[in-house]
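Chain residues, written in single-letter form:
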Amino acid sequence: MRTRPGSPPPGQGSGPSARAAGLPPPAERGATVIPDRVVARIATQAARTAQSRRAALPPDPSGPAAPSASATVRSGSVRLHLTMELPYPTDIPHVCERIQQDVAERVAQLTGLRVGEVTLTVRRLVTASGANRGRVL
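Here's what I pulled together on the structure shown here. All of these numbers come straight from a predicted model, not from anything done at the bench.

Before going further, it helps to examine the nonpolar core. Of all hydrophobic cores here, the largest spans 25 residues; its most connected members are V39, V78, L80, L86, I99, V103 and V107. Those elements that provide at least two residues to this core are α2 (36–54), β1 (68–74), β2 (77–87), α3 (92–111) and β3 (114–126).

This is how it looks when you write it as structure tokens:
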């Protein structure tokens with residue numbers, strides 16, 4: 001049996017299936033790359049969930065606009081920028097902080113990336129009665 005340079009001798013691999021297939025150890029097999037747009041879509045969904053949970057805005061198609069997100073991935077770390085609407089009245093600093101934490105945790109959990117920064121922009125404040133009319137308060 002031939003082995004690759006730097007791989008353990010036969011019988012000392014990372015498991016019986018890896019030895020049988022002749023695969024190198026997991027650390028030597030390569031890296032998974034997650035494109036920025038995929039991370040942004042994950043962040044958008046996490047923001048939508050956090051918005052309905054933390055800001056008491058139900059995910060209603062006729063209601064406020066859905067959150068949007070952009071992501072920049074570099075060296076295993078990601079920077080996120082979120083844009084969303086929040087209800088009026090609300091404790092904006094507290095709600096924004098909780099949403100940022102929720103999105104960071106969810107993105108890290110699903111991608112394995114370290115979330116270095118989450119910037120949140122509040123597009124507008126909406127009232128329950130003004131959500132469908134598009135009023136800015």
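For β1 and β2, the ladder comprises 7 bridges, and the chain directions are antiparallel. What sits directly across from S68, in β2, is T83. Remark: 2 residues form the turn of the hairpin made by β1 and β2, two consecutive strands paired antiparallel; S75 in that turn has positive phi of roughly 50 degrees.

Below, the discussion takes up α3. In this model, α3 (20 residues) spans 28 Å end to end at C-alpha, consistent with the 28 Å of a helix rising 1.5 Å per residue. When α3 is considered as a whole, its buried residues turn out to be V95, C96, I99, D102, V103, A104, V107 and T111. On the buried face of α3, the contacting elements are α2, β2 and β3. G112, located one to two residues past α3, shows a positive phi value of around 80 degrees.

Okay, the side chain of T83 next. Structurally, T83 is set in strand β2. If sequence neighbours within four positions are ignored, T83 has contacts with P67, S68, T121 and R123.

The terminal C-alpha atoms of α2 lie 26 Å apart, and with 19 residues this matches the ideal 27 Å at 1.5 Å per residue to within 8%. Buried-residue contacts for α2 involve β1, β2 and α3.

The next point concerns the pattern of salt bridges. The tally for this structure, following the rule as stated, stands at 5 salt bridges. A salt bridge links E117 to R79; the shortest N-O distance between them is 2.9 Å. Taken as a pair, E117 in strand β3 and R79 in strand β2 lie far apart in primary sequence, 38 residues in all. For E117, a relative accessible area of 33% puts it in the partly exposed group. Of the residues examined, R79 reaches a relative accessible area of 51% and is grouped as exposed. Note that R124 is salt-bridged to E85, the shortest N-O span being 2.8 Å.

Conventions adopted
- Residues numbered from 1 in each chain as written.
- Predicted model: local features only at pLDDT ≥ 70, side-chain atom pairs only at ≥ 80, totals over all residues.
- Heavy atoms only, no water.
- Core = buried A, V, L, I, M, F, W, Y, C linked by side-chain atoms within 4.5 Å.
- Buried < 20%, exposed > 50% of the residue type's maximum accessible area, 1.4 Å probe, protein only.
- Helix = DSSP H or I, 4+ residues; strand = E, 2+ residues; numbered from the N terminus.
- Pairing = 2+ DSSP bridges.
- Expected span 1.5 Å × (residues − 1).
- Contact = heavy atoms within 4.5 Å.
- Salt bridge = Lys/Arg side-chain N within 4 Å of Asp/Glu carboxyl O.

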